[in-house]
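Structural characterization, general
Chain by chain, the residues run as shown.
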Amino acid sequence: LVLSLAWLGPVSGDEDKDEEVVEEEEKEKKEDEVLSDEIKEEDNVLVLHKHNFARALSEHQLLLVEFYAPWCGHCQQLAPAFAQAATELRNESSPARLGKVDATAQTALATEFGITSYPTLKLFRDGNRTHPVAYTGRMDSQGIVRWMQRRAGPSATLLQDTDTAAAFVNSQDLVVVGFFKDLRGEAAQAFLEVAAEMVDMTFGVAEAAELFQAYGLSADTVCLFKKFDERQTNFPVDPARGLDTAELTQLLRVHSLQLVMEFTNETSNQIFSAKIPHHMLLFLNKSSSEQLSLQDGFRAAAGGFRGEVLFVVVDVTGHGADVLPFFGMTPADAPTLRLVKMENNRKYQMEQDDFSDSAIRTFIQAVLDGKVKPRLLSAEPPEDWDTRPVKVLVGKTFEQVAFDETKNVFVKFYAPWCPHCQAMAAAWEELAERYKDREDIVIAEMDSTANELENITIHGFPTLHYFPAGPGRKMIEYKSTRDVETFSKFLDNGGTLPVEPPVSEVREQPPCPGQSPAPAG
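How each quantity is defined
Residues numbered from 1 in each chain as written. Predicted model: local features only at pLDDT ≥ 70, side-chain atom pairs only at ≥ 80, totals over all residues. Heavy atoms only, no water. Salt bridge = Lys/Arg side-chain N within 4 Å of Asp/Glu carboxyl O. Helix = DSSP H or I, 4+ residues; strand = E, 2+ residues; numbered from the N terminus. Buried < 20%, exposed > 50% of the residue type's maximum accessible area, 1.4 Å probe, protein only. Phe/Tyr/Trp six-rings, centres within 6.5 Å; stacked < 30°, edge-to-face > 60°. Lys NZ or Arg CZ within 6 Å of the ring centre and 35° of its normal. Contact = heavy atoms within 4.5 Å. Polar contact = N/O pair within 3.5 Å; in protein donor to acceptor, adjacent residues only side chain to side chain. 1 Å grid on protein atoms, 1.4 Å probe; cavity = no way out; pocket = protein on both sides within 12 Å on 5 of 7 lines; lining within 4 Å. Points joined across faces, edges and corners; volume = space filled by probe spheres on them. Nonpolar A, V, L, I, M, F, W, Y, C, P; charged D, E, K, R; others polar.

Moving on: the pattern of salt bridges. Enumeration according to the criterion identifies 27 salt bridges in this entry. Linking Glu-445 and Lys-412 is a salt bridge whose minimum nitrogen-to-oxygen distance equals 3.3 Å. Taken together, the residues span a long stretch of sequence, with Glu-445 in strand β20 (residues 441-447) and Lys-412 in strand β19 (residues 408-414) at a distance of 33 residues. Each member of the pair Glu-445 and Lys-412 is classed as buried. Here the salt bridges do not stand alone but share partners, grouping Lys-226, Asp-229, Glu-230, Arg-299 and Arg-306 into one network.

As structure tokens, this is what we get:
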């Protein structure tokens, strides 16, 4: 799955937690079993529990453990990839192994390692039980294998002479080489930490004086070599500050991208993982030679905004067709330009599309300077929007309803494709039916994929906001159980819930980004 929902809108919110009430009889049975320290395997994955966990740590130098729940959908989705990764590592005789723990049955282990969501992956190195490392890679087999390989072997290749360095630099479209006078120094060690994390790039390291000279360097420097755009980009290490791992990671992410990217199934993950704060999009029909020529001005404008604005070409008849509804567009609207502020998903549009490089630069700068208002989507209100128990709001009617000082308005912000929204639809209808005769309470909903609000950003589906009567434009987010009785308590108590004793629970992680109706990769 890709992160294309950064344009498409918010991702789904937490799942309802009915499943997390595990059948107590089964749980107690597992807890009470007397287990030996024998380690069994399923698809090359070690099956771990409290009696064999210590043995597994002592026998395996690198052990990546998945803490899962049998009912967890994300765990079920991960299982085949996790098993495939375990098999690949086993077949290459790697010192790295994969294991799994049913955290709903092995509660002592779950508590010891602070497991609060599923699945949680932790790496145990050299038998160290007290300081496991959180997994930071991709949740697919290739991502897991690469992440473990980087930790099993050197994270960067040592380059000792000009011939090996030249061969290494030319071996791929993109490689990173750290040149350090002292490979045991703090800067070099920080570089190797970055190399261990950025498993989608190839890293080398050099210390020889002849290599500094060959690449025109005199001091510690990280170099990014590419077969596109700038061939060599240097990031000198500040002698006073040293090398900041987060800063270097972001620099490499930004500069590893082409100056102008095309939005495809293969590039979408790169585009969104770079975490560039603004995206400038050129929507065009690639079958039109006239529209293709517009890329020249687009590219010419891109150089001055690297790191601040990512320039992306979207083919409205190809992979980009899936994102058009989230911009309120159709293929017939191409060619056109949009700028997206990634922080809040605000979209900006020129009053009149002008594809010259100077006009594009001027427009972007005006947005960055806060001189352009976002373009907000709004559907047309249905004719019967206020005749049914659940009132249907759209962007252009939201203000007058939600901020009516005589009403208490409870709004569900949803996406039509969101399974969690679909699951609670009946409860929302029942709630509206229960309060339909109350003049002071309005139960409403708004499709947030077709409507946007200037001062309210929806970060997950469904999101529930309560707008109490009275002055002040107040808004309260509802974060409790999504059932009719709890909703009613909330409404009857004036927008708060009565205080109840806390219940400890292990929660599942929210659904992954990318759950849209359109296959975005």
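Across all of its chains, the model carries 29 aromatic pairs by this definition. Aromatic pair Phe-179 and Phe-212: ring centres 5.8 Å apart, planes at 75°, arrangement edge-to-face. You can see Phe-179 sitting in strand β9 (residues 174-179) and its partner Phe-212 sitting in helix α9 (residues 209-214), a full 33 residues away along the chain. The exposure class assigned to Phe-179 is buried, which follows from its relative accessible area of 2%. Ring plane angle 90° and centroid distance 5.3 Å describe the contact between Trp-428 and Phe-487, whose orientation is recorded as edge-to-face. With Trp-428 in helix α16 (residues 419-434) and Phe-487 in helix α17 (residues 484-492), this pair connects stretches of sequence that are 59 residues apart. Residue classification places Trp-428 among the buried residues on the basis of a relative accessible area of 1%. Given a relative accessible area of 0%, Phe-487 falls into the buried group. Between Lys-181 and the ring centre of Phe-212, over which it is positioned, the NZ or CZ distance is 5.1 Å. The positively charged end of Lys-347 is found above the aromatic ring belonging to Phe-327, 5.7 Å away from the centroid.

What follows concerns α17. Those residues of α17 that sit buried are Val-484, Thr-486, Phe-487, Ser-488, Phe-490 and Leu-491. For α17, the elements touching its buried residues are β19, α16, β20, β22 (463-467) and β23 (476-478). Between the side-chain oxygen at the start of α17 and the backbone nitrogen of Glu-485 there is a gap of 3.3 Å, and the oxygen is on Asp-483. Looking at the residues trailing α17, positive phi occurs at Gly-494, about 75°.

This brings us to empty space enclosed by the protein. Taken as a whole, this structure holds three cavities of 30 Å³ or more when the rule is applied. Here the second largest cavity is characterised by a volume of approximately 60 Å³. Lining the second largest cavity are Val-254, Leu-257, Gln-258, Leu-259, Ile-276, Ala-302, Arg-306, Gly-307, Val-309, Leu-310 and Phe-311. The greatest single-element share of the lining of the second largest cavity, amounting to three residues, is contributed by strand β15 (residues 309-315). Residue classes in the lining of the second largest cavity are distributed as eight nonpolar, two polar and one charged.

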